[in-house]
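Secondary and tertiary structure notes
What follows is the residue order along each chain.
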Amino acid sequence: MEKENFLEKIISFAKRRGFIFQSSEIYGGFGSCYDYGPLGVELKNNIKKQWWKEMIKIQDNIVGLDSSILMNPKVWEASGHLTAGFADELVECKKCNRRFIKDHLDKNKCPECGGELMKPRKFNLMMKTFVGPVEDEASITYLRAETCQGIYMNFQNVLQTMRKSLPFGIAQIGKAFRNEITPKDFIFRTREFEQMEMQWFCEPKSANKFFDFWLEQRLNWYYDLGIKKENIKTYEVPKKELAHYAKRAVDILYKFPFGWKEIEGIHNRGDWDLSNHSKHSGQDLQYFDEPAFAKASAGKKYYPHIIETSAGADRSLLAFLTEAYQEVEGGRTETTESTKEIEMVLKLNKLLAPVKVAVFPLVKNKPELVKKADEVYKMLKPHFVCQYDETGSIGRRYRRQDEIGTMFCVTIDFQTLEDDTVTVRNRDTMKQERIKIEDLSEKIKMLLFD
Ligand code: GAP
(Lines give C-alpha, C1' and ligand atoms only; values in the text may rest on other atoms or scores of the structure.)
Protein backbone atom coordinates (compact mmCIF):
# COMPACT_ATOMS: atom_id res chain seq x y z
CA MET A 1 0.00 0.00 0.00
CA GLU A 2 1.24 3.49 -0.83
CA LYS A 3 2.86 5.07 2.17
CA GLU A 4 1.63 8.60 1.43
CA ASN A 5 -2.04 7.93 1.78
CA PHE A 6 -1.82 5.13 4.32
CA LEU A 7 -2.19 7.45 7.30
CA GLU A 8 -5.14 9.14 5.56
CA LYS A 9 -6.71 5.70 5.15
CA ILE A 10 -6.26 4.90 8.83
CA ILE A 11 -7.73 8.26 9.86
CA SER A 12 -10.77 7.87 7.65
CA PHE A 13 -11.24 4.22 8.66
CA ALA A 14 -10.92 5.13 12.35
CA LYS A 15 -13.69 7.69 11.96
CA ARG A 16 -15.96 5.64 9.67
CA ARG A 17 -15.95 2.62 11.96
CA GLY A 18 -16.25 4.40 15.31
CA PHE A 19 -12.68 4.19 16.58
CA ILE A 20 -11.48 7.81 16.73
CA PHE A 21 -13.28 11.11 16.17
CA GLN A 22 -12.02 14.65 16.14
CA SER A 23 -12.77 16.40 19.43
CA SER A 24 -15.56 19.04 19.38
CA GLU A 25 -16.11 18.25 15.72
CA ILE A 26 -19.32 20.26 15.35
CA TYR A 27 -17.33 23.38 16.31
CA GLY A 28 -14.61 22.64 13.78
CA GLY A 29 -12.50 20.48 16.10
CA PHE A 30 -9.94 21.55 18.66
CA GLY A 31 -6.14 21.66 18.13
CA SER A 32 -4.98 18.05 17.96
CA CYS A 33 -7.54 16.67 20.43
CA TYR A 34 -9.26 13.39 19.65
CA ASP A 35 -12.08 11.33 21.14
CA TYR A 36 -12.11 7.54 21.22
CA GLY A 37 -15.42 6.19 19.92
CA PRO A 38 -17.17 2.97 20.98
CA LEU A 39 -14.64 0.68 19.26
CA GLY A 40 -11.62 2.90 19.97
CA VAL A 41 -12.28 2.88 23.70
CA GLU A 42 -12.51 -0.93 23.68
CA LEU A 43 -9.21 -1.18 21.79
CA LYS A 44 -7.48 1.33 24.04
CA ASN A 45 -8.81 -0.36 27.18
CA ASN A 46 -7.56 -3.70 25.87
CA ILE A 47 -4.08 -2.25 25.28
CA LYS A 48 -4.03 -0.77 28.78
CA LYS A 49 -5.35 -4.04 30.24
CA GLN A 50 -2.56 -6.02 28.57
CA TRP A 51 0.05 -3.56 29.81
CA TRP A 52 -1.35 -3.68 33.35
CA LYS A 53 -1.49 -7.48 33.26
CA GLU A 54 2.12 -7.60 32.06
CA MET A 55 3.33 -5.31 34.84
CA ILE A 56 1.20 -6.40 37.78
CA LYS A 57 0.60 -10.09 37.11
CA ILE A 58 3.38 -11.34 34.88
CA GLN A 59 6.40 -9.41 36.10
CA ASP A 60 7.63 -9.76 39.68
CA ASN A 61 7.35 -7.23 42.46
CA ILE A 62 5.46 -4.39 40.75
CA VAL A 63 2.48 -2.63 42.33
CA GLY A 64 0.01 -0.18 40.81
CA LEU A 65 -0.85 3.44 41.52
CA ASP A 66 -3.34 6.06 40.37
CA SER A 67 -2.05 9.49 41.39
CA SER A 68 -3.68 12.86 40.74
CA ILE A 69 -3.14 14.94 37.61
CA LEU A 70 -2.85 18.18 39.59
CA MET A 71 0.02 18.34 42.05
CA ASN A 72 1.84 20.90 44.12
CA PRO A 73 3.70 23.08 41.56
CA LYS A 74 6.91 22.52 43.56
CA VAL A 75 6.94 19.01 42.08
CA TRP A 76 7.59 20.53 38.65
CA GLU A 77 10.25 22.89 39.95
CA ALA A 78 12.13 20.00 41.53
CA SER A 79 11.70 17.74 38.51
CA GLY A 80 13.29 20.32 36.21
CA HIS A 81 10.19 20.72 34.05
CA LEU A 82 9.79 24.42 34.81
CA THR A 83 13.37 25.24 33.99
CA ALA A 84 15.28 24.88 30.76
CA GLY A 85 14.96 21.12 30.76
CA PHE A 86 11.47 20.94 29.33
CA ALA A 87 11.25 23.66 26.74
CA ASP A 88 11.52 24.28 23.02
CA GLU A 89 13.38 27.27 21.64
CA LEU A 90 10.90 29.48 19.81
CA VAL A 91 10.88 32.76 17.95
CA GLU A 92 7.87 35.06 18.08
CA CYS A 93 6.67 37.38 15.33
CA LYS A 94 6.53 41.01 16.48
CA LYS A 95 3.52 41.66 14.21
CA CYS A 96 1.16 38.65 14.50
CA ASN A 97 2.64 37.09 17.69
CA ARG A 98 2.73 33.61 16.18
CA ARG A 99 5.55 31.41 17.48
CA PHE A 100 7.75 29.07 15.47
CA ILE A 101 10.41 26.50 16.31
CA LYS A 102 13.71 28.26 15.55
CA ASP A 103 15.22 25.34 13.68
CA HIS A 104 12.20 25.11 11.35
CA LEU A 105 12.69 28.59 9.83
CA ASP A 106 14.78 29.22 6.70
CA LYS A 107 14.64 33.04 6.85
CA ASN A 108 14.53 35.56 9.63
CA LYS A 109 10.96 36.58 8.66
CA CYS A 110 7.58 35.35 9.93
CA PRO A 111 6.41 32.67 7.47
CA GLU A 112 2.77 33.72 8.08
CA CYS A 113 2.81 37.51 7.72
CA GLY A 114 6.41 38.37 6.81
CA GLY A 115 6.77 40.33 10.06
CA GLU A 116 9.99 40.83 11.97
CA LEU A 117 10.94 38.10 14.45
CA MET A 118 12.00 38.53 18.07
CA LYS A 119 15.09 36.85 19.55
CA PRO A 120 14.62 33.09 20.27
CA ARG A 121 13.21 32.28 23.70
CA LYS A 122 12.56 29.07 25.60
CA PHE A 123 8.88 28.18 25.57
CA ASN A 124 7.82 25.82 28.32
CA LEU A 125 5.65 22.84 27.41
CA MET A 126 3.87 22.57 30.76
CA MET A 127 0.12 23.32 30.64
CA LYS A 128 -0.58 26.01 33.16
CA THR A 129 -3.84 26.27 35.08
CA PHE A 130 -5.24 27.95 38.19
CA VAL A 131 -6.67 26.18 41.19
CA GLY A 132 -9.41 27.86 43.20
CA PRO A 133 -11.40 30.98 42.47
CA VAL A 134 -8.57 33.52 42.18
CA GLU A 135 -6.33 33.61 39.14
CA ASP A 136 -3.13 34.89 40.74
CA GLU A 137 0.47 33.72 41.00
CA ALA A 138 -0.27 31.75 44.17
CA SER A 139 -2.96 29.65 42.51
CA ILE A 140 -0.91 28.59 39.47
CA THR A 141 -0.32 24.90 38.96
CA TYR A 142 0.21 22.59 36.00
CA LEU A 143 -1.42 19.61 34.39
CA ARG A 144 1.14 16.84 34.75
CA ALA A 145 3.50 16.44 31.81
CA GLU A 146 4.44 12.86 32.71
CA THR A 147 2.72 10.41 35.03
CA CYS A 148 5.94 9.25 36.70
CA GLN A 149 6.19 12.32 38.96
CA GLY A 150 3.11 11.04 40.84
CA ILE A 151 5.01 7.79 41.35
CA TYR A 152 8.01 9.59 42.90
CA MET A 153 5.63 11.50 45.17
CA ASN A 154 4.38 8.16 46.47
CA PHE A 155 7.67 6.28 46.61
CA GLN A 156 7.83 6.40 50.43
CA ASN A 157 4.11 5.68 50.86
CA VAL A 158 4.31 2.57 48.72
CA LEU A 159 7.61 1.44 50.23
CA GLN A 160 6.18 1.60 53.73
CA THR A 161 2.60 0.45 53.22
CA MET A 162 3.49 -2.43 50.93
CA ARG A 163 6.60 -3.37 52.96
CA LYS A 164 8.74 -3.46 49.82
CA SER A 165 12.46 -3.87 49.52
CA LEU A 166 14.58 -3.14 46.46
CA PRO A 167 14.29 -3.90 43.64
CA PHE A 168 10.60 -3.19 43.06
CA GLY A 169 8.43 -1.28 40.63
CA ILE A 170 5.43 1.04 40.63
CA ALA A 171 3.21 1.15 37.55
CA GLN A 172 0.70 3.76 36.54
CA ILE A 173 -1.53 4.55 33.56
CA GLY A 174 -2.93 8.03 33.13
CA LYS A 175 -3.31 11.23 31.18
CA ALA A 176 -0.44 13.62 30.60
CA PHE A 177 -0.50 17.05 28.97
CA ARG A 178 2.08 18.99 26.99
CA ASN A 179 1.65 22.23 25.15
CA GLU A 180 3.31 20.75 22.07
CA ILE A 181 4.26 23.39 19.51
CA THR A 182 3.73 21.13 16.53
CA PRO A 183 1.19 18.42 17.35
CA LYS A 184 0.83 16.21 14.27
CA ASP A 185 0.29 12.86 12.64
CA PHE A 186 -3.19 12.17 14.02
CA ILE A 187 -2.95 10.73 17.57
CA PHE A 188 0.84 10.42 17.38
CA ARG A 189 1.68 13.80 18.88
CA THR A 190 -1.14 15.49 20.76
CA ARG A 191 -1.39 17.89 23.66
CA GLU A 192 -3.42 15.50 25.80
CA PHE A 193 -2.35 11.87 25.77
CA GLU A 194 -2.15 8.81 27.94
CA GLN A 195 1.01 7.23 29.29
CA MET A 196 1.69 3.76 30.66
CA GLU A 197 4.74 4.16 32.88
CA MET A 198 6.60 1.87 35.23
CA GLN A 199 9.38 3.05 37.51
CA TRP A 200 11.78 0.34 38.69
CA PHE A 201 13.68 1.27 41.85
CA CYS A 202 16.96 -0.57 42.28
CA GLU A 203 20.42 -0.49 43.76
CA PRO A 204 22.70 1.82 41.70
CA LYS A 205 25.02 -1.00 40.75
CA SER A 206 22.24 -3.12 39.27
CA ALA A 207 20.77 -0.31 37.13
CA ASN A 208 22.57 -1.27 33.90
CA LYS A 209 21.51 -4.89 34.20
CA PHE A 210 17.87 -3.89 34.77
CA PHE A 211 17.97 -1.43 31.88
CA ASP A 212 18.76 -4.29 29.49
CA PHE A 213 16.20 -6.54 31.16
CA TRP A 214 13.37 -4.02 30.83
CA LEU A 215 14.23 -3.11 27.26
CA GLU A 216 13.95 -6.76 26.30
CA GLN A 217 10.69 -7.24 28.22
CA ARG A 218 9.11 -4.24 26.58
CA LEU A 219 10.14 -5.31 23.07
CA ASN A 220 8.65 -8.75 23.71
CA TRP A 221 5.37 -7.16 24.81
CA TYR A 222 4.93 -5.53 21.39
CA TYR A 223 5.97 -8.69 19.54
CA ASP A 224 3.60 -10.86 21.59
CA LEU A 225 0.72 -8.54 20.76
CA GLY A 226 1.32 -8.83 17.05
CA ILE A 227 3.87 -6.23 15.96
CA LYS A 228 6.25 -7.79 13.47
CA LYS A 229 9.93 -7.65 14.41
CA GLU A 230 10.84 -5.87 11.17
CA ASN A 231 8.53 -3.00 12.11
CA ILE A 232 10.24 -2.25 15.42
CA LYS A 233 13.74 -0.98 16.07
CA THR A 234 15.62 0.64 18.91
CA TYR A 235 17.53 3.91 18.99
CA GLU A 236 20.23 4.63 21.53
CA VAL A 237 19.75 8.34 22.27
CA PRO A 238 23.12 10.15 21.96
CA LYS A 239 24.38 11.81 25.15
CA LYS A 240 23.81 15.36 23.84
CA GLU A 241 20.14 14.64 23.03
CA LEU A 242 19.26 13.05 26.39
CA ALA A 243 16.37 14.52 28.40
CA HIS A 244 17.48 16.50 31.44
CA TYR A 245 16.78 13.59 33.83
CA ALA A 246 18.31 10.74 31.83
CA LYS A 247 21.71 9.07 32.13
CA ARG A 248 20.84 6.70 29.30
CA ALA A 249 17.82 6.33 27.01
CA VAL A 250 16.82 3.86 24.35
CA ASP A 251 13.74 4.66 22.27
CA ILE A 252 11.56 1.90 20.88
CA LEU A 253 10.60 3.00 17.37
CA TYR A 254 7.75 1.76 15.19
CA LYS A 255 7.69 1.99 11.41
CA PHE A 256 4.70 4.32 10.99
CA PRO A 257 3.51 5.40 7.53
CA PHE A 258 5.21 8.75 8.28
CA GLY A 259 8.55 7.15 9.25
CA TRP A 260 10.29 5.44 12.17
CA LYS A 261 8.98 7.12 15.34
CA GLU A 262 9.15 6.59 19.08
CA ILE A 263 6.39 4.65 20.81
CA GLU A 264 8.19 4.08 24.10
CA GLY A 265 11.30 5.20 25.93
CA ILE A 266 13.42 3.15 28.34
CA HIS A 267 15.32 5.53 30.60
CA ASN A 268 17.96 5.24 33.25
CA ARG A 269 17.02 8.24 35.42
CA GLY A 270 19.74 7.53 37.98
CA ASP A 271 18.95 9.26 41.28
CA TRP A 272 17.84 12.51 39.58
CA ASP A 273 14.24 12.36 40.74
CA LEU A 274 14.49 11.12 44.29
CA SER A 275 17.52 13.25 45.16
CA ASN A 276 15.96 16.41 43.70
CA HIS A 277 12.64 15.82 45.42
CA SER A 278 14.52 15.24 48.67
CA LYS A 279 16.38 18.52 48.25
CA HIS A 280 13.29 20.55 47.38
CA SER A 281 10.89 19.00 49.89
CA GLY A 282 13.29 18.56 52.79
CA GLN A 283 12.08 14.94 53.11
CA ASP A 284 14.67 12.20 53.04
CA LEU A 285 13.71 9.89 50.20
CA GLN A 286 16.73 7.66 50.58
CA TYR A 287 16.31 3.94 50.97
CA PHE A 288 17.64 2.23 54.04
CA ASP A 289 19.01 -1.15 53.18
CA GLU A 290 18.39 -3.24 56.32
CA PRO A 291 21.51 -5.05 57.51
CA ALA A 292 21.34 -8.55 56.16
CA PHE A 293 23.98 -11.19 55.80
CA ALA A 294 25.85 -11.29 52.46
CA LYS A 295 24.43 -8.04 51.11
CA ALA A 296 27.07 -5.72 49.73
CA SER A 297 25.18 -2.52 50.56
CA ALA A 298 23.69 -3.86 53.81
CA GLY A 299 22.94 -1.24 56.39
CA LYS A 300 23.54 1.66 53.98
CA LYS A 301 21.33 4.57 53.03
CA TYR A 302 21.21 5.61 49.42
CA TYR A 303 18.97 6.97 46.68
CA PRO A 304 17.64 4.09 44.62
CA HIS A 305 18.33 4.44 40.92
CA ILE A 306 15.35 4.35 38.59
CA ILE A 307 14.85 2.49 35.36
CA GLU A 308 11.75 3.76 33.65
CA THR A 309 9.64 2.19 30.92
CA SER A 310 7.48 4.95 29.46
CA ALA A 311 4.98 4.01 26.76
CA GLY A 312 2.21 6.03 25.12
CA ALA A 313 -1.19 4.34 25.04
CA ASP A 314 -2.27 6.45 22.04
CA ARG A 315 0.94 5.86 20.09
CA SER A 316 0.78 2.11 20.77
CA LEU A 317 -2.82 2.14 19.59
CA LEU A 318 -1.81 3.85 16.35
CA ALA A 319 0.99 1.31 15.90
CA PHE A 320 -1.35 -1.65 16.54
CA LEU A 321 -3.94 -0.21 14.12
CA THR A 322 -1.32 0.41 11.43
CA GLU A 323 0.08 -3.08 11.84
CA ALA A 324 -3.35 -4.72 11.72
CA TYR A 325 -4.88 -2.82 8.80
CA GLN A 326 -4.90 -4.97 5.67
CA GLU A 327 -6.57 -4.51 2.33
CA VAL A 328 -7.07 -7.62 0.20
CA GLU A 329 -7.52 -6.98 -3.50
CA GLY A 330 -10.14 -9.20 -5.11
CA GLY A 331 -11.66 -10.11 -1.74
CA ARG A 332 -10.64 -12.60 0.92
CA THR A 333 -12.81 -15.57 -0.05
CA GLU A 334 -11.03 -18.24 -2.03
CA THR A 335 -14.07 -20.50 -2.46
CA THR A 336 -15.98 -18.02 -4.66
CA GLU A 337 -14.72 -16.08 -7.65
CA SER A 338 -12.72 -12.93 -7.03
CA THR A 339 -15.08 -9.96 -6.54
CA LYS A 340 -12.43 -7.51 -7.81
CA GLU A 341 -13.37 -5.51 -4.76
CA ILE A 342 -10.89 -4.51 -2.12
CA GLU A 343 -11.85 -6.11 1.18
CA MET A 344 -10.47 -5.01 4.48
CA VAL A 345 -9.51 -7.01 7.51
CA LEU A 346 -8.18 -5.67 10.79
CA LYS A 347 -5.86 -8.41 11.99
CA LEU A 348 -5.53 -7.26 15.57
CA ASN A 349 -4.26 -9.69 18.16
CA LYS A 350 -7.28 -11.51 19.63
CA LEU A 351 -6.66 -9.94 23.05
CA LEU A 352 -6.77 -6.45 21.55
CA ALA A 353 -9.71 -6.88 19.16
CA PRO A 354 -12.46 -4.50 20.33
CA VAL A 355 -15.31 -6.86 19.45
CA LYS A 356 -14.81 -10.55 20.17
CA VAL A 357 -18.05 -12.02 18.83
CA ALA A 358 -20.77 -11.06 16.35
CA VAL A 359 -24.09 -12.89 16.27
CA PHE A 360 -26.24 -13.15 13.12
CA PRO A 361 -29.53 -14.80 12.25
CA LEU A 362 -29.05 -16.24 8.74
CA VAL A 363 -31.98 -14.12 7.51
CA LYS A 364 -33.98 -11.47 9.30
CA ASN A 365 -37.42 -12.36 7.98
CA LYS A 366 -37.68 -15.68 9.86
CA PRO A 367 -38.86 -14.85 13.39
CA GLU A 368 -37.71 -18.21 14.78
CA LEU A 369 -34.12 -17.54 13.61
CA VAL A 370 -34.18 -13.96 14.92
CA LYS A 371 -35.53 -15.13 18.28
CA LYS A 372 -32.84 -17.78 18.62
CA ALA A 373 -30.09 -15.35 17.54
CA ASP A 374 -31.30 -12.87 20.15
CA GLU A 375 -31.10 -15.60 22.83
CA VAL A 376 -27.55 -16.52 21.79
CA TYR A 377 -26.52 -12.85 21.74
CA LYS A 378 -27.93 -12.30 25.24
CA MET A 379 -26.17 -15.44 26.45
CA LEU A 380 -22.75 -14.32 25.15
CA LYS A 381 -23.00 -10.59 25.92
CA PRO A 382 -22.10 -10.75 29.63
CA HIS A 383 -18.89 -12.60 28.78
CA PHE A 384 -17.57 -10.93 25.62
CA VAL A 385 -17.92 -7.63 23.79
CA CYS A 386 -20.55 -8.66 21.24
CA GLN A 387 -22.42 -7.17 18.32
CA TYR A 388 -25.74 -8.29 16.86
CA ASP A 389 -26.28 -7.79 13.13
CA GLU A 390 -29.17 -8.89 10.93
CA THR A 391 -28.92 -6.51 7.98
CA GLY A 392 -27.55 -7.43 4.56
CA SER A 393 -26.27 -10.73 3.21
CA ILE A 394 -24.14 -12.98 5.42
CA GLY A 395 -21.12 -12.22 3.22
CA ARG A 396 -21.57 -8.50 3.73
CA ARG A 397 -21.98 -8.98 7.48
CA TYR A 398 -18.75 -11.03 7.63
CA ARG A 399 -16.97 -8.23 5.78
CA ARG A 400 -18.29 -5.59 8.17
CA GLN A 401 -16.95 -7.60 11.11
CA ASP A 402 -13.60 -8.37 9.43
CA GLU A 403 -13.17 -4.65 8.94
CA ILE A 404 -13.27 -3.99 12.68
CA GLY A 405 -11.30 -7.12 13.57
CA THR A 406 -14.07 -9.17 15.22
CA MET A 407 -12.61 -12.57 16.08
CA PHE A 408 -15.70 -14.79 15.71
CA CYS A 409 -18.99 -14.61 13.80
CA VAL A 410 -21.74 -16.87 15.10
CA THR A 411 -24.57 -17.65 12.65
CA ILE A 412 -27.92 -19.07 13.61
CA ASP A 413 -29.36 -21.01 10.64
CA PHE A 414 -32.09 -23.55 9.96
CA GLN A 415 -30.01 -26.42 11.30
CA THR A 416 -29.83 -24.54 14.63
CA LEU A 417 -33.58 -25.00 15.02
CA GLU A 418 -33.15 -28.75 14.64
CA ASP A 419 -30.04 -29.55 16.67
CA ASP A 420 -29.15 -26.42 18.67
CA THR A 421 -25.81 -25.96 16.90
CA VAL A 422 -24.47 -22.77 15.31
CA THR A 423 -21.65 -22.02 12.90
CA VAL A 424 -18.64 -20.18 14.29
CA ARG A 425 -16.45 -18.47 11.70
CA ASN A 426 -12.89 -17.54 12.57
CA ARG A 427 -11.72 -14.11 11.32
CA ASP A 428 -8.25 -15.24 10.32
CA THR A 429 -8.79 -18.72 8.87
CA MET A 430 -12.35 -17.94 7.69
CA LYS A 431 -13.08 -21.59 8.55
CA GLN A 432 -16.48 -22.43 9.99
CA GLU A 433 -17.11 -24.91 12.74
CA ARG A 434 -20.46 -26.20 14.07
CA ILE A 435 -20.69 -25.90 17.80
CA LYS A 436 -23.48 -26.72 20.26
CA ILE A 437 -24.99 -23.60 21.80
CA GLU A 438 -24.46 -24.97 25.30
CA ASP A 439 -20.69 -25.25 24.61
CA LEU A 440 -20.38 -21.92 22.82
CA SER A 441 -19.25 -19.66 25.69
CA GLU A 442 -16.60 -22.08 26.93
CA LYS A 443 -15.33 -22.79 23.44
CA ILE A 444 -14.97 -19.07 22.58
CA LYS A 445 -13.29 -18.40 25.94
CA MET A 446 -10.84 -21.18 25.20
CA LEU A 447 -10.10 -19.88 21.71
CA LEU A 448 -9.61 -16.34 22.97
CA PHE A 449 -7.73 -16.75 26.18
CA ASP A 450 -5.83 -20.05 26.06
N1 GAP B 1 8.48 9.98 31.89
C2 GAP B 1 9.28 10.01 30.76
C3 GAP B 1 8.60 10.53 29.59
O4 GAP B 1 7.52 11.08 29.68
P5 GAP B 1 8.84 10.86 27.01
O6 GAP B 1 9.81 10.24 26.06
O7 GAP B 1 8.72 12.33 27.03
O8 GAP B 1 9.26 10.30 28.43
C9 GAP B 1 7.21 8.84 26.88
O10 GAP B 1 7.41 10.23 26.76
C11 GAP B 1 6.17 8.36 25.91
O12 GAP B 1 4.97 9.13 26.04
C13 GAP B 1 6.56 8.51 24.45
O14 GAP B 1 7.34 7.43 24.00
C15 GAP B 1 5.21 8.53 23.77
O16 GAP B 1 4.72 7.22 23.56
C17 GAP B 1 4.34 9.25 24.79
N18 GAP B 1 4.22 10.69 24.41
C19 GAP B 1 5.06 11.69 24.75
N20 GAP B 1 4.63 12.86 24.25
C21 GAP B 1 3.50 12.59 23.54
C22 GAP B 1 2.58 13.39 22.79
N23 GAP B 1 2.72 14.70 22.66
N24 GAP B 1 1.52 12.77 22.21
C25 GAP B 1 1.33 11.43 22.35
N26 GAP B 1 2.16 10.64 23.06
C27 GAP B 1 3.23 11.20 23.66
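Everything here concerns the structure above.
**Section: the overall build of the chain**
Across its full length, the chain holds 12 helices and 23 strands. With respect to the three principal axes, the spread of C-alpha positions in the chain is 75 × 70 × 50 Å. Residues counted as buried form 50% of the 450 residues belonging to the chain. Within the chain, contacts between residues separated by at least 24 positions form 63% of all contacts whose residues are at least 6 apart in sequence. As displayed, the chain offers around 22800 Å² of accessible surface, 50% of which is attributable to carbon and sulfur atoms. Charged side chains in the chain number 70 positive and 67 negative. The centres of these two groups are separated by 2 Å.

**Topic: the site of the ligand**
Around the ligand, the structure places 22 residues, and the nearest of them are Glu146, Arg178, Thr190, Glu197 and Glu262. Gly312 is positioned with one of its backbone polar atoms (N or O) 3.0 Å from an oxygen atom of the ligand. Relative to its unbound accessible surface of 550 Å², the ligand loses 93% to contact with the protein. Taking a 2 Å distance to the grid points as the criterion, the majority of the atoms of the ligand fall inside the largest pocket.

**Digging into the environment of Phe13**
Within the fold, Phe13 resides in helix 1 (residues 6-16). On a C-alpha basis, the gap between Phe13 and Glu403 in space is 9.1 Å, while along the polypeptide they are 390 residues apart. The contacts of Phe13, once residues within four sequence positions are left out, are Phe19, Leu321, Tyr325, Met344, Leu346 and Glu403.

**A word on the layout of surface pockets**
Of the volumes computed, that of the largest pocket is approximately 1500 Å³. Considering the residues around the largest pocket, the lining is formed by 49 residues, among which Phe86, Arg178, Glu180, Arg189 and Glu262 are closest to the centre. Contributing elements (two or more residues each) for the lining of the largest pocket: strand 4 (87-92), strand 10 (192-202), strand 12 (248-256), strand 13 (259-270), strand 16 (305-312) and helix 8 (313-324). Considering each element in turn, the lining of the largest pocket owes the most residues, 8 residues, to strand 13. Among the residues forming the lining of the largest pocket, the class breakdown is 20 nonpolar, 11 polar and 18 charged.

**Digging into the pattern of salt bridges**
Summed over all chains, the structure comprises 32 salt bridges. Close ionic contact of Arg121 with Glu92 constitutes a salt bridge, the shortest N to O distance being 2.8 Å. Linking Arg121 in strand 6 (residues 121-124) with Glu92 in strand 4, this pair joins segments that are 29 residues apart in sequence. In this structure, the salt-bridge partner of Arg425 is Asp402, at a minimum N-O distance of 2.9 Å. One end of the pair, Arg425, is in strand 22 (residues 421-426); the other, Asp402, is in helix 10 (residues 394-404), with 23 residues separating them in the sequence. In this structure Asp402 comes out as buried when scored by relative accessible area, which is 2%. Through salt bridges with shared partners, one network takes in Lys44, Lys48, Glu194 and Asp314.

**Describing the nonpolar core**
Within the largest apolar cluster, 55 residues are counted, with the highest numbers of intra-cluster contacts made by Phe19, Tyr222, Ile307, Phe320 and Leu346. Counting residues per element, this core draws most heavily on helix 6 (residues 207-224), which supplies 8 residues. The residues touching Leu346, leaving out its near neighbours within four places in the chain, are Phe13, Phe19, Leu321, Ala324, Tyr325, Asp402, Glu403, Ile404, Gly405 and Arg427. Counting 21 residues, the second-largest nonpolar core is a separate cluster that includes Val357, Leu369, Val376 and Phe384.

**Quick look at the packing of aromatic side chains**
Here the structure, examined in full by the defined rule, presents 21 aromatic pairs. Summarising the aromatic geometry, the rings of Phe13 and Tyr325 are spaced 5.6 Å apart at their centres and angled 75 degrees between planes, so their arrangement reads as edge-to-face. Here the residue Phe13 occupies a position in helix 1, and Tyr325 occupies one in strand 17 (residues 325-329), the gap between them amounting to 312 residues. With respect to burial, Phe13 and Tyr325 carry one shared label: buried. With centroids separated by 5.1 Å and ring planes inclined at 80 degrees, the aromatic side chains of Tyr34 and Phe186 adopt a geometry described as edge-to-face. Of the two residues, Tyr34 sits in strand 2 (residues 34-36) while Phe186 sits in the loop between strand 9 (168-177) and strand 10, which places them 152 residues apart along the sequence.

**Looking at the side chain of Glu146**
Within the element layout of this structure, Glu146 appears in the loop between strand 8 (140-143) and helix 4 (148-153). At 3.5 Å, the side chain of Glu146 and the side chain of His81 are in polar contact. Contact partners of Glu146, with chain neighbours within four places excluded, come to Trp76, His81, Ala176, Arg178, Gln195, Glu197, Tyr245 and Arg269.

**Focus on the sheet that holds strand 19 (residues 357-361)**
Spatially, 20-19-21-22-23 is the arrangement adopted by the 5 strands of the open sheet, whose pairing is mixed. For this open sheet the edge positions go to strand 20 (386-388) and strand 23 (432-436), each flanked by a neighbour on one side alone. On average, each strand axis in the sheet is inclined to that of its neighbour by 25 degrees, with strand direction left out of account. Where strand 19 lies against strand 20, 3 bridges are found, and the strand directions are parallel. In the sheet register, Val359 faces strand 20, and the bridge partner there is Tyr388. Contacting strand 19, strand 20 and strand 21 (408-412), helix 9 (residues 367-380) runs over the sheet at an angle of about 165 degrees to strand 19. Of the strands in this sheet, strand 19, strand 21, strand 22 and strand 23 touch helix 12 (residues 437-449), which is tilted by about 130 degrees from strand 23.

**Concerning a nonpolar patch on the surface**
Taken together, the side chains of Val363, Phe414 and Leu417 make up a nonpolar region of the molecular surface, amounting to roughly 230 Å² of accessible area. Along the polypeptide, Val363 turns up in the loop between strand 19 and helix 9. On the basis of relative accessible area, Val363 is assigned to the partly exposed category, the value being 31%.

**Points about the state of the cysteines**
Disulfides are covalent bonds that connect the sulfur atoms of two cysteines. Applying the stated criterion to the full structure yields 0 disulfides. Here Cys96 stays free of any disulfide, with the sulfur of Cys93 as its closest cysteine sulfur at 3.7 Å. On the basis of relative accessible area, Cys96 is assigned to the partly exposed category, the value being 28%. Free cysteine: Cys202, not disulfide-bonded; nearest cysteine sulfur from Cys148 at 15 Å. Exposure remark for Cys202: the relative accessible area of 0% places this residue in the buried category.

Conventions used here
Residues numbered from 1 in each chain as written. Predicted model: local features only at pLDDT ≥ 70, side-chain atom pairs only at ≥ 80, totals over all residues. Heavy atoms only, no water. Helix = DSSP H or I, 4+ residues; strand = E, 2+ residues; numbered from the N terminus. Buried < 20%, exposed > 50% of the residue type's maximum accessible area, 1.4 Å probe, protein only. Contact = heavy atoms within 4.5 Å. Areas by Shrake-Rupley, 256 points an atom, 1.4 Å probe, with all protein chains shown as cover. Lys, Arg positive; Asp, Glu negative; His and termini not counted. Charge placed at Lys NZ, Arg CZ, Asp CG, Glu CD. Near = heavy atom within 4 Å. Polar contact = N/O pair within 3.5 Å; in protein donor to acceptor, adjacent residues only side chain to side chain. 1 Å grid on protein atoms, 1.4 Å probe; cavity = no way out; pocket = protein on both sides within 12 Å on 5 of 7 lines; lining within 4 Å. Sits in = over half its atoms within 2 Å of the grid points. Points joined across faces, edges and corners; volume = space filled by probe spheres on them. Nonpolar A, V, L, I, M, F, W, Y, C, P; charged D, E, K, R; others polar. Salt bridge = Lys/Arg side-chain N within 4 Å of Asp/Glu carboxyl O. Core = buried A, V, L, I, M, F, W, Y, C linked by side-chain atoms within 4.5 Å. Phe/Tyr/Trp six-rings, centres within 6.5 Å; stacked < 30°, edge-to-face > 60°. Pairing = 2+ DSSP bridges. Axes fitted to C-alpha atoms, helices over the stretch in contact; angles between N-to-C directions. Patch = residues over 30% accessible without salt bridge, like charges linked within 9 Å, V, L, I, M, F, W, Y side chains within 5 Å. Disulfide = S-S within 2.5 Å.

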